[in-house]
Amino acid sequence: MSNPILSDCIKALSNSLTLANGLTHPVDDSKAKCLFKALRKKGIALSEDEVLLLAIENNWPEKHAKKLADIAQRINDGRSVKIDRSTSWGETTLEKAIKNHP
């Protein structure tokens with residue numbers, strides 16, 4: 001079973017962008033990276049397999065779901081990622097998800 005906070009965050013990300021385009025837009029790419037960084041900072045594990053499954057469950061095309069899962073794994077492993085447009089969207093989204101799962 002997946003982490004309900006991670007699940008809520010992937011759902012929020014999915015609802016905030018055009019899934020057919022995946023993370024091709026720099027703002028969407030930055031939102032995903034900022035979200036995963038916020039999750040990691042809170043100690044929530046980002047399993048590549050779990051993120052892939054959640055993305056597919058949220059109707060991501062497979063190639064975009066794989067890219068999302070790869071980014072999550074990179075951040076989970078502590079590897080660097082380039083964020084073109086840093087945003088607080090990830091932290092805000094995470095805080096909402098945490099409030100939903102006390």
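Refer to the preceding data block for the structure.
Since we're looking at a predicted model, the values are computed, not measured.

Reading guide: rules and limits
Sequence order sets the numbering: in each chain, residues are counted from 1 along the sequence as written. This being a predicted model, a pLDDT of at least 70 is required before a residue's local features are given, and a value of 80 or more before pairs of side-chain atoms are given or counted; all residues contribute to the totals for chains, interfaces and linings. Neither water nor hydrogens contribute to the side-chain values; these are computed over all heavy atoms in the structure. Any Lys or Arg side-chain nitrogen located within 4 Å of an Asp or Glu carboxyl oxygen qualifies as a salt bridge. Ring pairs shown here join Phe, Tyr and Trp side chains whose ring centres sit within 6.5 Å, with only the six-membered ring taken for Trp; geometry is labelled stacked below 30 degrees between planes, edge-to-face above 60, and tilted in between. Two conditions define a charge sitting above a ring: the NZ of Lys or the CZ of Arg must be within 6 Å of the ring centre, and it must be within 35 degrees of the ring normal. Under this scheme, a helix contributes an axis fitted over its contacting stretch, all axes are lines through C-alpha atoms, and angles between N-to-C directions fall in the 0 to 180 degree range. A run of H or I in DSSP becomes a helix once it reaches four residues, and a run of E becomes a strand once it reaches two; helices and strands are each numbered from the N terminus. Note on terminology: angles under 35 degrees are roughly parallel, angles over 145 are roughly antiparallel, angles of 65 to 115 are roughly perpendicular, and the others are oblique. Rotating anticlockwise by less than a right angle from the far helix to the near helix defines a left-handed crossing, while the corresponding clockwise rotation defines a right-handed one. Contacts are residue-level and defined by heavy atoms, with any inter-residue pair within 4.5 Å sufficient. Three classes are used: nonpolar for Ala, Val, Leu, Ile, Met, Phe, Trp, Tyr, Cys and Pro, charged for Asp, Glu, Lys and Arg, and polar for all others, with Gly counted as polar. Only protein chains enter the calculation, and the probe is 1.4 Å; a residue is then buried if its accessible area is under 20% of its type maximum, exposed if over 50%, and partly exposed in between. What a helix should span is 1.5 Å times the count of its residues minus one. As used here, the arc belongs to the directions running from the helix axis to the C-beta atoms.

**Student:** What is the right way to read the pattern of salt bridges from this model?
**Tutor:** Side chains bearing opposite charge may pair, as long as their charged atoms lie close to each other. Overall, the coordinates contain five salt bridges when judged by the stated rule. The salt bridge partner of D77 is R79, with a shortest N-O separation of 3.3 Å.

**Student:** Even after reading the chapter, I still don't get the packing of aromatic side chains, so can you show me in this structure?
**Tutor:** Centre distance and the angle of the planes are the two values used to describe a pair of aromatic rings. Within the structure shown, the criterion is met by zero aromatic pairs. The positively charged end of K31 is found above the aromatic ring belonging to W89, 4.8 Å away from the centroid.

**Student:** Even after reading the chapter, I still don't get the packing of helix 1 (residues 4-15) against helix 3 (residues 48-57), so can you show me in this structure?
**Tutor:** The packing of two helices is summarised by the inter-axis angle and the distance between the axes. The geometry of helix 1 relative to helix 3 is characterised by a closest axis approach of 10 Å and an angle of 50° between their N-to-C directions. Taken together, the axes of helix 1 and helix 3 are oblique relative to one another. Handedness of the helix 1/helix 3 crossing: right-handed. On helix 3, the residues touching L6, S7 and I10 of helix 1 are E50, V51, L54 and A55. Residues belonging to the contact of helix 1 with helix 3 are distributed by class as follows: five nonpolar, one polar and one charged.

**Student:** Before we go on, may I ask you to explain the environment of S80 in this structure?
**Tutor:** Checked against the element boundaries, S80 lands in the loop between helix 4 (62-76) and helix 5 (89-100). Judged by its relative accessible area of 59%, S80 is exposed. For the pair formed by S80 and I44, sequence separation is 36 residues and the distance between their alpha carbons is 18 Å.

**Student:** Even after reading the chapter, I still don't get helix 5, so can you show me in this structure?
**Tutor:** Between its terminal C-alpha atoms helix 5 stretches 17 Å, which fits the 16 Å expected from 12 residues at 1.5 Å a residue. Among the residues of helix 5, those classed as buried are W89, G90, T93, L94 and A97. The arc that holds the buried residues of helix 5, viewed along the axis, is 125°, so those residues lie on one side. For helix 5, the exposed residues set more than 90 degrees away from the buried face come down to K96 and K99. For helix 5, the elements touching its buried residues are helix 1 and helix 2 (26-41).

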